[in-house]
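Secondary and tertiary structure notes
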Amino acid sequence: MSNRKIKTFAPKGTRDFLPVQMFTRNKIINLIKKIFEKYGYEPLETPSIERLDVLTGKYGEEGDQLIFKILKRGTGLDKVGVELKEFTVTDYKDIIDLGLKYDLTVPLCRVIAMHKDKITFPFKRYQIQPVWRADKPQKGRYREFYQCDVDVAGSSSMLADFEIIYMVYEILKTLGFKNFLIRINNRKILNAILEHCKIEQNKSFFVLSAIDKLDKIGKKGVINELKKKNINEKVIDNLLEIILLEGTFEQKLNELGHIFKENKIGNEGIEELKEIFYYLSKTDIDSDFYSLDLSLSRGLEYYTGPIYESVVKEPKIGSLTGGGRYDKLIGMFLGEDVPATGTSLGIERIIDVMTELNMIPETKTITKVLITTFDENLKQESINTTWKIRNSGINAELFFEPLRLNKQLSYANKKGIPFVCIIGPDEKKQNKVKVKNMKTGEEKLIENNKIVEFIKSITD
RNA sequence: GAGGGUAUAGUUCAGACGGUUAGAACGCCAGGUUGUGGCCCUGGAGGUCAUGGGUUCAAGUCCCAUUACCCUCCCCA
């Protein structure tokens, strides 16, 4: 053995998930999967890596920079000691051809374009996989994290958007969230507002991202931000007056209707939201859980219609889920537009928030029984009993080394295994197994041929 | 891309003005109990004080650089 140690640290923005953490992760993921499947959504997985041109140009300039890019084989740049004389990169494609996937929506679009003949539309799929962002990590933000997407492609119906929003509600509710808000808006309405306020196309991105910060930096903050971008004060006033419209969604939408008058895009957006809100109002969801929020814009460039995200007030961590309609994105791969809508659930953030709010009871182990090994002579007895219990479908662990009993019991105790089987000479003589309840300390001698039945009865 | 913080045992952290064998808690190992865990008691292992350089008679402590991680902004799940 070498006494040299490799310094251990996880790369920034990444984490190891130890068994105790995996239990809660799996629990949450399984619950989410079950709900997706209940609504008729089916699983999909795609590779970690994609061709770079599949990824770029979908997330905006900022997003493109955050894609992890992979050095092409054969550039020589991955070798040490090789002189690369007069090596000039004129195009990143010369040295990079692949990237790690940045989200699950773009790969979905690629899949739809590639396998259109095998897919029945509307295509309702869910996908739970890690994605990577070359970001600077901070609270609630990682460089490798799981996303969990549900989308429906091939339907323009607002029922699809409504169904997605309802699923988000059901998932958060089922996970135990009490206070959250699903904010809903529409890109068409935002575009109409920008048009109405006569904001130039090239400034629309800045304006939208400033407005999006409304609940974070307040009205004054937004005004400052917009002034910095040389937006005329009159325009700012006009803009904020609309964004800050008050009242129920109906009142807001009607007011927007008056403002837009003949604006076709704007009116389309209004009609879409009216439909979604109508469906929502007919459900069991308390209206406190969703609202029309005209300041919501969402960063990704590809959204074309209704957009939505869910947030919690405490702790401050950004959004838990986010999504919207993207009717043009698949067309970038296929050549013909396929309407689509969907959302992404941030599993990491959901878990972080649930942990911070103490919403997750700790699971120490999922093993129900430890079978101790008394000595070499009785080893086979323990093996037999272990397999008998396992074959009945109960999680059981066999202690391999015939160490002193206190070691074996201490192990069960530390791991939190609730029951222990002891098979020593006394038990063997009587053809019995001693079963100890680690919580109460109670012990019972059970007939060998009744052991499975007994374990079943106490572990249910 | 801009700014701030931190780096000492497996882990979380102490180490006033630089001064002799670097500490605690938890965890780990052994024993107290060779058929009984948790609690308690006793003992033990474990640190080139992130790396490299500098100042000094003397550096974990002061200075510089490097690296890593954390946090804030931008942006996002």
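Structure: see above.
Here's what I pulled together on the structure shown here. (Residues numbered from 1 in each chain as written. Chains lettered and ligands numbered in written order. Predicted model: local features only at pLDDT ≥ 70, side-chain atom pairs only at ≥ 80, totals over all residues. Heavy atoms only, no water.)

1. Here's the deal with the sheet that holds strand 1 (residues 42-43)
- One open sheet accounts for eight strands, arranged 1-5-6-11-10-9-7-8; its pairing is mixed. Either end of the sheet is taken by a strand with one partner, and the two such strands are strand 1 and strand 8 (290-292).
- Pairing analysis gives five bridges linking strand 9 (residues 306-311) to strand 10 (residues 319-325), with the strands arranged antiparallel. If you follow Glu309 over to strand 10, its bridge partner there is Gly322. (Pairing = 2+ DSSP bridges. Helix = DSSP H or I, 4+ residues; strand = E, 2+ residues; numbered from the N terminus.)

2. Quick notes on the sheet that holds strand 12 (residues 369-371)
- The strand order across the open sheet built from five strands is 13-12-14-15-16, with neighbouring strands paired in mixed fashion. Taken across any chain shown, the strands that pair with only one partner, and hence form the sheet edges, are strand 13 (396-398) and strand 16 (443-447). Mean inter-strand twist for the sheet, computed between neighbouring axes without regard to direction, equals 25°.
- By the bridge criterion, five bridges tie strand 15 (residues 432-437) to strand 16 in an arrangement that is antiparallel. In the sheet register, Val435 faces strand 16, and the bridge partner there is Lys444.
- Sitting on the sheet, helix 17 (residues 451-459) touches strand 12, strand 14 (419-422), strand 15 and strand 16, and the angle it makes with strand 15 is about 10°. (Axes fitted to C-alpha atoms, helices over the stretch in contact; angles between N-to-C directions. Contact = heavy atoms within 4.5 Å.)

3. A word on the protein's contact with RNA strand B
- RNA strand B sits among 45 residues. The nearest are Arg133, Arg141, Arg298, Gly299 and Met438.
- Between RNA strand B and Arg298 there is a distance of 2.4 Å, counted from a phosphate oxygen to a side-chain nitrogen or oxygen.
- Met438 has a polar backbone atom sitting 2.4 Å from a base nitrogen of RNA strand B.
- Taken together, the elements giving at least two residues each to the surface near RNA strand B come down to strand 6 (144-153), strand 10, helix 15 (405-415), helix 16 (425-430) and strand 15.
- Looking at the surface near RNA strand B, the element that brings in the most residues is helix 15, giving seven residues.
- A breakdown of the residues in the surface near RNA strand B according to their chemical character gives 13 nonpolar, 13 polar and 19 charged. (Near = heavy atom within 4 Å. Polar contact = N/O pair within 3.5 Å; in protein donor to acceptor, adjacent residues only side chain to side chain. Nonpolar A, V, L, I, M, F, W, Y, C, P; charged D, E, K, R; others polar.)

4. Examining the pattern of salt bridges
- Evaluation of the coordinates by the stated rule reveals 28 salt bridges.
- The partner of Glu381 in a salt bridge is Lys428, and the shortest N-O contact between them spans 2.8 Å. Of this pair, Glu381 sits in helix 14 (residues 379-391) while Lys428 is found in helix 16, placing the two residues 47 residues apart along the sequence.
- The class for Glu381 is partly exposed, based on a relative accessible area of 21%.
- Here the salt bridges share partners, and the residues they tie into one network are Arg183, Asp293, Arg298 and Glu309. (Salt bridge = Lys/Arg side-chain N within 4 Å of Asp/Glu carboxyl O. Buried < 20%, exposed > 50% of the residue type's maximum accessible area, 1.4 Å probe, protein only.)

5. A closer look at the pairing of strand 10
- Burial runs high along strand 10: seven of the seven residues are buried.
- Bridging between strand 10 and strand 11 (residues 340-346) involves five bridges; their strand directions are antiparallel. Across the sheet, residue Gly324 finds its bridge partner in strand 11, namely Gly342.

6. What about a negative patch on the surface?
- A surface patch of negative charge is lined by Glu233, Asp237, Glu241 and Glu255.
- Relative to the assigned elements, Glu233 resides in helix 9 (residues 233-243).
- You can call Glu233 exposed: its relative accessible area is 52%. (Patch = residues over 30% accessible without salt bridge, like charges linked within 9 Å, V, L, I, M, F, W, Y side chains within 5 Å. Areas by Shrake-Rupley, 256 points an atom, 1.4 Å probe, with all protein chains shown as cover. Lys, Arg positive; Asp, Glu negative; His and termini not counted. Charge placed at Lys NZ, Arg CZ, Asp CG, Glu CD.)

7. Re the side chain of Asn437
- Positionally, Asn437 belongs in strand 15.
- With a relative accessible area of 18%, Asn437 lands in the buried category.
- Beyond its immediate sequence surroundings of up to four residues, Asn437 is in contact with Pro418, Phe419 and Glu442.

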